[in-house]
Amino acid sequence: MSVLAAAVSEFARGGLEGTSTESIASAAGISQPYLFRLFGSKKGLFLAAVKETFARTVAAFEAAAGERSGQEAMTAMAVAYNDLLAEPSYLLMQMQAYAACGDPDIRAATRRGFRDLWYAVERLSGLDVDVVRAFFAMGMLCNVSAAMDLPALDERWAQIICTDGAGIGVSKKVLAEGFTGPVSEPADADVAGID
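In this report, the structure presented in the accompanying data block is examined.

Conventions we followed
All chains use their own residue numbering, which begins from 1 and follows the written sequence. Restriction of local features to residues with pLDDT of at least 70 applies here, the model being predicted, together with a cutoff of 80 or more for giving and counting side-chain atom pairs; totals for whole chains, interfaces and linings are based on all residues. Only hydrogens and water are removed before side-chain values are computed, so all heavy atoms of the structure are retained for them. Per the convention used, a helix needs a DSSP run of H or I reaching at least four residues, while a strand needs a run of E reaching at least two, with both numbered from the N terminus. Contacts are assigned to residue pairs that have any heavy atoms within 4.5 Å of one another. Each axis is a line fitted through C-alpha atoms, and for a helix only the stretch in contact is used; angles between axes span 0 to 180 degrees, taken between their N-to-C directions. Working rule for angles: under 35 degrees goes down as roughly parallel, over 145 as roughly antiparallel, 65 to 115 as roughly perpendicular, anything else as oblique. By convention the crossing between two helices is left-handed if the near helix lies anticlockwise of the far one by an angle smaller than a right angle, and right-handed if it lies clockwise. In a helix, the anticipated span is given by 1.5 Å times the number of residues less one. Exposure is judged per residue with a 1.4 Å probe applied to protein chains only, and the accessible area is read against the type maximum: over 50% gives exposed, under 20% gives buried, and values in between give partly exposed. Two N or O atoms count as a polar contact when they lie within 3.5 Å, although within protein this holds only if one can serve as hydrogen donor and the other as acceptor, and sequence-adjacent residues are included solely when both atoms are side-chain atoms. Side-chain atoms within 4.5 Å link the members of a nonpolar core, which is a set of buried Ala, Val, Leu, Ile, Met, Phe, Trp, Tyr and Cys residues. To pair, rings of Phe, Tyr and Trp, with the six-membered ring standing in for Trp, must have centres within 6.5 Å; the planes then decide the type, stacked if under 30 degrees apart, edge-to-face if over 60, and tilted in the middle.

1. Description of the environment of Met 93
Along the chain, Met 93 falls in helix 6 (residues 88–99). Each C-alpha atom, one on Met 93 and one on Thr 53, is 7.3 Å from the other, the two residues being 40 residues apart in sequence. Once residues lying within four places of it in the same chain are set aside, the contact partners of Met 93 are Val 8, Phe 11, Ala 12, Phe 46, Ala 49, Val 50 and Thr 53.

2. Focus on the packing of helix 6 against helix 8 (residues 129–147)
At their nearest, the axes of helix 6 and helix 8 sit 10 Å apart, and the two run at 110° to each other. Classed by the angle they form, the pair helix 6 and helix 8 counts as roughly perpendicular. When the axes of helix 6 and helix 8 are compared, the crossing they make is left-handed. Together, Leu 91, Leu 92, Gln 94, Met 95 and Tyr 98 of helix 6 and Met 140, Asn 143, Val 144, Ala 146 and Ala 147 of helix 8 make up the contact between the two elements.

3. Re helix 8
End to end, helix 8 covers 27 Å across 19 residues, agreeing with the expected 27 Å (1.5 Å per residue, within 8%). Inspection of helix 8 places Val 129, Asp 130, Val 131, Val 132, Phe 135, Phe 136, Met 138, Gly 139, Cys 142, Asn 143 and Ser 145 among the buried residues, and these make up the whole buried set. Residue Asp 128 occupies the N-cap position of helix 8, its side-chain oxygen lying 2.7 Å from the main-chain nitrogen of Asp 130. Just beyond helix 8, the residue with positive phi is Asp 149, at close to 50°.

4. A few points about the nonpolar core
In terms of nonpolar packing, the biggest core is built from 43 residues, with Phe 11, Phe 46, Phe 61, Met 77, Met 93, Val 121 and Phe 135 touching the most fellow members. For this core, the secondary-structure elements that each account for two or more residues are helix 1 (3–18), helix 2 (21–28), helix 4 (42–65), helix 5 (70–85), helix 6, helix 7 (104–125) and helix 8. Examining the composition of this core, we find that 9 residues originate from one element, helix 4, more than from any other.

5. As for the packing of aromatic side chains
Inspection of every chain in the model, using the stated rule, returns 9 aromatic pairs. Each ring, one from Phe 11 and one from Phe 46, has its centre 4.9 Å from the other, and the planes form 80°; the classification is edge-to-face. Linking Phe 11 in helix 1 with Phe 46 in helix 4, this pair joins segments that are 35 residues apart in sequence. Overall, the relative accessible area of 0% leaves Phe 11 in the buried class. Classification of Phe 46 by relative accessible area gives buried; the value is 0%. Seen in terms of ring centroids, Phe 61 and Tyr 81 are 6.0 Å apart; in terms of plane orientation they differ by 65°. Their pairing is edge-to-face. Highlighted residues: Phe 61 in helix 4 and Tyr 81 in helix 5, separated in sequence by 20 residues. Neither Phe 61 nor Tyr 81 differs from the other in exposure class; each is buried. Among the aromatic side chains, those forming a connected cluster through ring pairs are Phe 54, Phe 61, Tyr 81, Tyr 98, Phe 114, Trp 118, Phe 135 and Phe 136.

That's the geometry; what it means functionally is another story.
Right under this line is the structure:
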């Protein structure tokens, strides 16, 4: 297993504070001193894992969209994202990145990753910013639903979030069908405070 794959897997379970570098080194099949030689610190490794998680999403979206554009690209990206969410380590690493944003360096890295993801979806789909915003909003609902494993919960509220009348999961149905929203002019402003 690669060092970054091991880091993502271990940090996904324990977060920055609750994960030992010993467990990451062991999972990667390397020594702890070598781990520090590669990344400098545990935080440096966490930052690399955050970057890897966002880069993986961008790469998956680019591969899924291919030569498509518009709603077809958005649908393909939604299906690709649903596939990524099926991997618990990937999903939980995202959540750990957001949870660790109290640290300014992690917040900056997470913002950059989210910015790059936003720009990729805008570029690949060519759709209105309101449609892109709705795509990201639904993606976050899917993240939270998957993290709590709501499809496994046999309670009315969870099933309303996760299914439609045909019993298709919200991430598969709503994301795959795409979004429509009010038409507005694309915003050119960069996200404040991001390199």
